[in-house]
Amino acid sequence: MFGLGMSEMVLIGIVALIVIGPKDLPGMFRALGQFTGKARGMAREFSRAMEAAADEAGVKDVSNTIKAAANPQQFGVDKIKEATGMTKGPATQALSEERQAAKEKMSDAIAKAPVERKAGEAEAAPAAKPEGDT
């Protein structure tokens, strides 16, 4: 509370007791409590009014859009779903057919790569072996 430690609060209490007096101290604390309650209520009401005004202006929608764009993980998941055709629509179905053809082409190339590499290694192995070694 206001960054005051226990020792500072005790010192303020002792000064208040001396200055105000023990007879009027409870009344002063009651008035201080009522004032604090009213101030908090007004602050709460002001906050609610500002939030309502922001909701009417569409600030929450803009904020949600910015948060979604700023979250790369969620943004990536949405784009993956869109690219894999998990979302419905004619454009994504045509895209998935194109992607299927590209996938098959890549799969064929990936399957041929090790066979071609081994064939190349087999041809290079006898040529790399010196003739004097047995």
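Computed from a predicted model, the values in this text were never measured in an experiment. (Residues numbered from 1 in each chain as written. Predicted model: local features only at pLDDT ≥ 70, side-chain atom pairs only at ≥ 80, totals over all residues. Heavy atoms only, no water.)

Peer 1: Hey, could you run me through the overall build of the protein in this one?
Peer 2: Looking only at helices and strands, one finds five helices and zero strands in the protein. Here the protein holds 134 residues, and 4% of them are scored as buried. Accessible area of the protein: about 11,900 Å², with a carbon and sulfur share of 64%. (Helix = DSSP H or I, 4+ residues; strand = E, 2+ residues; numbered from the N terminus. Buried < 20%, exposed > 50% of the residue type's maximum accessible area, 1.4 Å probe, protein only. Areas by Shrake-Rupley, 256 points an atom, 1.4 Å probe, with all protein chains shown as cover.)

Peer 1: For this particular structure, what's the right way to read a nonpolar patch on the surface?
Peer 2: Taken together, the side chains of M6, V10, L11, I14, V15, I18, V19 and I20 define a hydrophobic patch exposed on the protein surface, amounting to about 800 Å² of accessible area. Relative to the elements of secondary structure, I18 occurs in helix α1 (residues 6-20). (Patch = residues over 30% accessible without salt bridge, like charges linked within 9 Å, V, L, I, M, F, W, Y side chains within 5 Å. Salt bridge = Lys/Arg side-chain N within 4 Å of Asp/Glu carboxyl O.)

Peer 1: It is not clear to me how the pattern of salt bridges should be interpreted in this structure. Could you clarify?
Peer 2: The full count for this structure, using the stated rule, is one salt bridge. Of the charged contacts, one joins E121 and R117 as a salt bridge, the two residues approaching to 3.5 Å between their closest N and O atoms. Taken together, the positions of E121 and R117, both in helix α5 (residues 90-128) and four residues apart, correspond to about one turn of that helix. A residue is classified by how much of its surface remains accessible, and E121, at 45% relative accessible area, is partly exposed.

Peer 1: Sorry, what's going on with the confidence of the model for the protein here?
Peer 2: Low pLDDT marks stretches whose predicted atomic positions should not be read closely. Per-residue pLDDT for the protein has a mean of 79; in total, 78% of the residues score no lower than 70. Confidence, read as mean pLDDT per element, is least for helix α4 (residues 72-84) in the protein (67) and greatest for helix α2 (residues 25-57) (91). (pLDDT = per-residue confidence, 0-100.)

Peer 1: Got a minute to help me understand α1 in this structure?
Peer 2: Helix length check: α1, at 15 residues, gives a terminal C-alpha distance of 21 Å against a target of 21 Å (1.5 Å per residue), a fit within 8%. Positive backbone phi, at 100°, marks G21, one or two positions downstream of α1. (Expected span 1.5 Å × (residues − 1).)

Peer 1: Would you explain helix α3 (residues 59-70) in this entry?
Peer 2: Helical geometry: 3.6 residues make up each α-helical turn, so side chains three or four residues apart lie on a common side. For α3, which comprises 12 residues, the first-to-last C-alpha distance of 16 Å matches the rise-based estimate of 16 Å (1.5 Å per residue) to within 8%. In terms of burial, α3 is a largely surface element, zero of the 12 residues being buried.

Peer 1: Teacher, can you tell me more about the environment of E82 here?
Peer 2: With respect to the helices and strands, E82 occurs in helix α4. On the basis of relative accessibility, which here comes to 41%, the residue E82 falls in the partly exposed class. For the pair E82 and S96, spaced 14 residues apart in sequence, the C-alpha to C-alpha distance is 9.8 Å.

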